[in-house]
Amino acid sequence: MRVFQSPAELKNELRSLDGSIGFVPTMGALHNGHISLIKKAKEQNDIVVVSIFVNPTQFLKGEDLEKYPRRQDADKRVCELAGVDYLFYPDANDIYEKDEVSLCAPNVRGYILEGSSRPGHFSGVLTVVMKLLNIVRPANAYFGKKDAQQLNLITLMAKQMFMDVNIVPVDTMRDAFGLALSSRNDYLSAQEREEALKIPASLKKATSMIMSGICESDRIIEQMRAILSPLEISYVAVVDREFKPLQRVEPGNTIILVEAVSGTTRLLDNIWL
Ligand code: PAF
């Protein structure tokens, strides 16, 4: 595995290669969810590139930019063991200048749900992803379904900006108790982790209601909220794959999303139906 810090050097190297490139952008603190993205990229491409960059522009003032877990050596080892060919490890100065062109998330889909509790977050995500995709120029780029709204907006950006990249969604990985894997799970105490299990439990309840023929969104949301209590709930929503609210679950076109806070940690989860 070769490690690059400089965007220009990585670009030169990648442009000299033959074969398809699969790209997995990450913010590090790699876990099995990231490894499943890398595995998928390896299956579908000749060359796999991973980036690790804790992107400052997607953190709002007062959020966890400083305390976000950084584990350079362990992450390098994980990438090596997972068979990554190139690791891109830039500094903020390698990616951003002082007076910057930046992308704006769309007014509606970028400012509902997570975008409503974190206004501007998705503009930062889209800007950095655009930069990373321009540096790597992959055939395929891999994103987890756990961050469903992020995945939706990146797919929209690739389409609306006429980009030559295929955005590949990858299923959420869970721990043995059902908690969706996330680098932010590191922040949870044992008790907060226990409480956080209400999140997958609420989604399980939604699934069982739907299986028994209850498909009205308000009934599902009400039951999910009851299970999530006393966690602080940012939102529970039933939307279609374009992120428009649904009155009723439409099989094959529905995502049920939850964001709740355990301790001080915001946790996201969802199911695609
Ligand atoms: O999902 C993440 O880890 C980040 O939002 C991403 C896509 C790497 C952009 O910084």
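Residues numbered from 1 in each chain as written. Predicted model: local features only at pLDDT ≥ 70, side-chain atom pairs only at ≥ 80, totals over all residues. Heavy atoms only, no water.

A. Inspection of the site of the ligand at higher detail. Lining the immediate surroundings of the ligand are Pro25, Thr26, Met27, Asn55, Gln58, Val128, Val129, Phe143 and Gln150. Take Gln58: an N or O atom from its side chain is 2.6 Å from an oxygen atom of the ligand. The side chain of Gln150 places a nitrogen or oxygen atom 2.7 Å from an oxygen atom of the ligand. Across the complex, the protein chains shield 88% of the 290 Å² of accessible surface that the ligand would expose by itself. Broken down by secondary-structure element, the contributors of at least two residues to the shell around the ligand are β2 (21–26) and α6 (121–136). Considered class by class, the residues forming the shell around the ligand number five nonpolar, four polar and no charged. (Near = heavy atom within 4 Å. Polar contact = N/O pair within 3.5 Å; in protein donor to acceptor, adjacent residues only side chain to side chain. Areas by Shrake-Rupley, 256 points an atom, 1.4 Å probe, with all protein chains shown as cover. Helix = DSSP H or I, 4+ residues; strand = E, 2+ residues; numbered from the N terminus. Nonpolar A, V, L, I, M, F, W, Y, C, P; charged D, E, K, R; others polar.)

B. Focus on the nonpolar core. Grouped together as the largest cluster of nonpolar side chains are 34 residues, with contacts concentrated most on Leu10, Val49, Ile95, Val129, Leu133, Val136 and Ile167. Those elements that provide at least two residues to this core are α1 (7–15), β2, β3 (47–52), β4 (86–88), α6, β5 (140–144) and α7 (148–160). At 10 residues, α6 tops the list of elements feeding residues into this core. Sequence-distant contacts of Leu133, that is, excluding residues within four places in its chain, are made with Phe23, Pro138, Ala141, Met157, Met163 and Val165. The next biggest cluster of nonpolar side chains, apart from the first, holds 24 residues, and it includes Met209, Val249, Ala260 and Leu267. (Core = buried A, V, L, I, M, F, W, Y, C linked by side-chain atoms within 4.5 Å. Buried < 20%, exposed > 50% of the residue type's maximum accessible area, 1.4 Å probe, protein only. Contact = heavy atoms within 4.5 Å.)

C. Layout of the sheet that holds β3. Across the sheet, which stays open at both edges, the six strands sit in the order β1-β4-β3-β2-β5-β6 with parallel pairing between neighbours. Whereas interior strands pair on both sides, the edge strands pair on one side only; in this sheet they are β1 (2–4) and β6 (166–170). Neighbouring strand axes in the sheet, compared pairwise and without regard to direction, differ in orientation by 25° on average. As paired elements, β2 and β5 share two bridges and run parallel to each other. Residue pairing across strands places Phe23 opposite Ala141, the latter belonging to β5. Along the sheet, helix α2 (residues 32–44) contacts β2, β3, β5 and β6; its crossing angle with β5, the most-contacted strand, is approximately 155°. Along the sheet, α6 makes contact with β2, β3, β4 and β5, crossing β2 at roughly 150°. (Pairing = 2+ DSSP bridges. Axes fitted to C-alpha atoms, helices over the stretch in contact; angles between N-to-C directions.)

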